[in-house]
Each structure stands twice: as C-alpha cells, then as structure tokens.
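# Structure at a glance
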Amino acid sequence: MSSEKKFYVYVHRRATDGTIFYVGKGHGCRATSKSGRNADWLSVTTSCEWNCEKVAENISEICAFSIEKAMIRYIGKDALCNIYDGGNGPSGTKHTEETKQKFRLAKLGRKQSPE
C-alpha cells in the first residue's frame with residue numbers, strides 16, 4: 001500500500017440552479033471547509049445555499065491539478081470564483097517559524113469558527 005497522499009477534485013454549486021461557482025483540488029476536508037477562501041467565494045456562499053461534489057477521487061496531486069485546470073478552462077474563469085487558472089496551489093508548503101509566528105499573532109483575539 002502506497003503512503004503517497006491521495007487527492008480529489010471538487011466543485012461547489014449553487015443549490016438554487018446547480019451552477020458551478022468554484023473548482024478546486026484537495027485532500028482531507030478541504031472540499032467542505034470554509035476557511036482560506038477568497039472574497040468572491042465568501043460573497044457567493046453568504047448570499048446563497050451551496051453544495052459540494054467530488055468529481056474525481058483517490059488520485060495523485062499532479063492528476064488532480066490537471067483535472068482542476070481543465071475544468072476551469074472548460075467552464076471559464078469568468079463564471080467562477082477561482083482566482084487562478086488551476087494547476088497550482090500551496091500544497092506541501094513548509095512555512096518558516098517566523099511566518100508561523102506571524103500567523104499566530106494575526107489570529108490572536110479572533111474568535112475561532114467551529115470548523
């Protein structure tokens with residue numbers, strides 16, 4: 001059994017009409033997480049009900065990036081909340097202790113969401 005982390009590709013849809021407003025790749029609970037989202041995504045999700053659908057699962061990160069990029073290109077970035085064209089992201093980023101401390105200080109006094 002490989003210890004390589006497996007990824008998935010997901011879409012977020014408006015519950016009202018089923019239109020896709022975001023395409024992403026992730027692992028774990030990223031697909032349903034509300035943290036680390038951009039302002040456009042937050043605007044859509046606070047103004048309407050939405051749901052999540054995984055469109056590919058148990059795949060390598062390279063494969064997930066390729067599918068994400070192809071889907072964003074096919075749907076059109078103008079119709080999505082995605083900032084980037086896909087195929088990139090912070091997966092595997094290792095922050096320095098200095099950066100981690102800056103994150104900690106920025107969060108001081110902020111109320112944590114249940115997620």
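Everything quoted here is computed from the prediction, not taken from an experiment.

## Focus on helix α1 (residues 39–47)
- Within the sequence span of α1, burial applies to W41, V44 and T45. All buried residues of α1 fall inside an arc of 90 degrees around its axis, so they share one side. Away from its buried face by more than 90 degrees, α1 exposes A39, T46 and S47.
- The inward-facing, buried residues of α1 abut β1 (7–14), β2 (20–26) and β3 (50–59).

## Structural notes on the sheet that holds β3
- Strand order in the open sheet made by the three strands is β2-β1-β3, with antiparallel pairing throughout. Looking along the sheet, the strands with just one partner apiece sit at the ends: β2 and β3. Strand after strand, the sheet turns through a mean of 15 degrees between neighbouring axes, direction not considered.
- Summarising the sheet, β1 and β3 pair through seven bridges and their orientation is antiparallel. Paired with V11 across the bridge in β3 is E53.
- Where α1 meets the sheet, its contacts fall on β1, β2 and β3, and the angle it forms with β2 comes to roughly 120 degrees.
- Where helix α2 (residues 61–75) meets the sheet, it contacts β1, β2 and β3, and its direction lies at approximately 165 degrees from that of β2.

## Digging into unusual backbone geometry
- Despite not being glycine, N58 shows a phi value in the positive range, around 60 degrees.
- One can find N58 in strand β3.

## So, α2
- Over its 15 residues, α2 extends 21 Å from the first C-alpha to the last, a length consistent with the 21 Å expected when each residue adds 1.5 Å.
- By the burial criterion, the buried members of α2 are A64, F65, E68, M71 and I72. What you see down the axis of α2 is that its buried residues fit within an arc of 135 degrees, all on one side. Those residues of α2 that are exposed and aimed more than 90 degrees away from the buried face are I62, R73 and Y74.

## Examining the nonpolar core
- In this structure, F7, V9, V11, I20, V23, A56, I59, A64, M71, I72 and L80 together form the largest nonpolar core, which totals 11 residues.
- Of all the secondary structure elements, the ones that give two or more residues to this core are β1, β2, β3 and α2.
- Once you skip the residues sitting within four places of it in the chain, V9 turns out to touch V23, G24, K25, E53, K54, V55, A56, I59, A64, I67, E68 and M71.
- Listed in part, the nine residues of the second largest apolar core include Y10, Y22, A31 and V44.

## So, the environment of R13
- You can see R13 is positioned in strand β1.
- Judged by its relative accessible area of 23%, R13 is partly exposed.
- Placed 39 residues apart in sequence, R13 and C52 show a C-alpha to C-alpha distance of 6.4 Å.
- A distance of 2.8 Å separates the side chain of R13 from the backbone oxygen of G18, its partner in a polar contact.

The rules we used
Residues numbered from 1 in each chain as written. Predicted model: local features only at pLDDT ≥ 70, side-chain atom pairs only at ≥ 80, totals over all residues. Heavy atoms only, no water. Buried < 20%, exposed > 50% of the residue type's maximum accessible area, 1.4 Å probe, protein only. Helix = DSSP H or I, 4+ residues; strand = E, 2+ residues; numbered from the N terminus. Arc of directions from axis to C-beta. Contact = heavy atoms within 4.5 Å. Pairing = 2+ DSSP bridges. Axes fitted to C-alpha atoms, helices over the stretch in contact; angles between N-to-C directions. Expected span 1.5 Å × (residues − 1). Core = buried A, V, L, I, M, F, W, Y, C linked by side-chain atoms within 4.5 Å. Polar contact = N/O pair within 3.5 Å; in protein donor to acceptor, adjacent residues only side chain to side chain.

Coordinates in, geometry out; function isn't part of it.
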